[in-house]
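Examination of the molecular architecture
Residue-level listing of the chains:
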Amino acid sequence: GESVGLHLPTLSVQEGDNSIINCAYSNSASDYFIWYKQESGKGPQFIIDIRSNMDKRQGQRVTVLLNKTVKHLSLQIAATQPGDSAVYFCAENRSGGSYIPTFGRGTSLIVHP
Amino acid sequence: DSGVTQTPKHLITATGQRVTLRCSPRSGDLSVYWYQQSLDQGLQFLIQYYNGEERAKGNILERFSAQQFPDLHSELNLSSLELGDSALYFCASSLRPGQGGAGNYGYTFGSGTRLTVV
């Protein structure tokens, strides 16, 4: 069936480095993608989204890249800080209507000071 | 504080029992979603309500049920509990049936209820 998956369950980086979290999706009908951050003891929190008519979208210290050819998206975090330590989820959805997003399993980002 | 309130925060119960989890959506939001998060399954969508009516169903077991009340709060009922039901249960809300992103269609998650079945 259709699925959203993450390449790496855990990513460890040094403070100040750039982080890249990857995500693969398989539903070719998906045209809307969302990244969430989940800190310990909290629910997922929206970070950034991107629609399939874009290849790249930038936020504050975060960039999402979308490669529709290989059904892959990534979240780049610049100058990673200890406060970025969390589990990051990608989710795919379809715009229009009231589709429910499908979440990937999450990547745990550990930032070492 | 996200504005979505879930109670209780922790719940420990025995197999075979029944529990009720409660969710108060963010002020003004009409749609409520329930998710189950376990280590091996990630975030699984269970059910959605919009303005009191069931809108969408995901991988919700027959032992589980939910409802949304006129004041828009929602309850998730879990019965005949099994060890495998131990998980974090999240509620999310949005103004309109959501796509999960930002704005009026975006999700705001609560902090979850951690259910442990022993």
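Right above here is the structure, for reference.
Computed from a predicted model, the values in this text were never measured in an experiment.

Time to look at the packing of aromatic side chains. If you walk through the whole model with that rule in mind, you get 13 aromatic pairs over all chains. Lying across the ring of Tyr32 of chain A, Arg51 of chain A places its NZ or CZ 4.2 Å from the centre.

Another aspect to go through is the pattern of salt bridges. One pass over the structure, following the stated rule, counts seven salt bridges over all chains. Its salt-bridge partner being Lys42 of chain A, residue Glu39 of chain A comes within 3.8 Å of it at the nearest N-O pair. On the basis of relative accessibility, which here comes to 26%, the residue Glu39 of chain A falls in the partly exposed class. A relative accessible area of 45% means that Lys42 of chain A is categorised as partly exposed. The partner of Asp55 of chain A in a salt bridge is Lys68 of chain A, and the shortest N-O contact between them spans 3.2 Å. Of this pair, Asp55 of chain A sits in the loop between strand E5 (45-51) and strand E6 (56-58) while Lys68 of chain A sits in the loop between strand E7 (62-67) and strand E8 (72-77), and the two are 13 residues apart along the sequence. Each of Arg63, Glu82 and Asp85 of chain B takes part in salt bridges that share partners, so that together they form one network.

Before going further, it helps to examine the layout of surface pockets. Taking a probe equal in size to a water molecule and rolling it over the atoms shows the remaining empty space. Within this model, the largest pocket holds a volume of roughly 650 Å³. In this structure, the largest pocket is lined by 26 residues; those nearest its centre are Gln38 and Val87 of chain A together with Gln37, Leu39 and Leu88 of chain B. Among the elements of the structure, strand E9 (86-93) of chain A together with strand E4 (31-38) and strand E9 (87-94) of chain B are those that each provide at least two residues to the lining of the largest pocket. Residue composition of the lining of the largest pocket, grouped by class: 10 nonpolar, 11 polar and five charged. Counted as a void, the second largest pocket has a volume near 420 Å³. If you trace the second largest pocket, you find 25 residues lining it, with Pro44 and Gln45 of chain A together with Ser2, Thr108 and Phe109 of chain B closest to the centre. Among the elements that line the lining of the second largest pocket, the one with the most residues is strand E4 (residues 32-38) of chain A, at three residues.

Bringing the sheet that holds strand E3 (residues 19-24) of chain B into the picture now. Residue and element names in this part refer to chain B. Spatially, E1-E3-E8-E7 is the arrangement adopted by the four strands of the open sheet, whose pairing is antiparallel. Among the strands making up the open sheet, the edge pair consists of strand E1 (5-7) and strand E7 (64-68). Neighbour-to-neighbour, the strand axes of this sheet turn through a mean angle of 15°, independent of strand direction. As defined by bridge partners, E7 adjoins strand E8 (residues 74-78) across five bridges and the pair is classed as antiparallel. Residue pairing across strands places Ser65 opposite Asn77, the latter belonging to E8.

Thresholds, definitions, all that
- Residues numbered from 1 in each chain as written.
- Chains lettered and ligands numbered in written order.
- Predicted model: local features only at pLDDT ≥ 70, side-chain atom pairs only at ≥ 80, totals over all residues.
- Heavy atoms only, no water.
- Phe/Tyr/Trp six-rings, centres within 6.5 Å; stacked < 30°, edge-to-face > 60°.
- Lys NZ or Arg CZ within 6 Å of the ring centre and 35° of its normal.
- Salt bridge = Lys/Arg side-chain N within 4 Å of Asp/Glu carboxyl O.
- Buried < 20%, exposed > 50% of the residue type's maximum accessible area, 1.4 Å probe, protein only.
- Helix = DSSP H or I, 4+ residues; strand = E, 2+ residues; numbered from the N terminus.
- 1 Å grid on protein atoms, 1.4 Å probe; cavity = no way out; pocket = protein on both sides within 12 Å on 5 of 7 lines; lining within 4 Å.
- Points joined across faces, edges and corners; volume = space filled by probe spheres on them.
- Nonpolar A, V, L, I, M, F, W, Y, C, P; charged D, E, K, R; others polar.
- Pairing = 2+ DSSP bridges.
- Axes fitted to C-alpha atoms, helices over the stretch in contact; angles between N-to-C directions.

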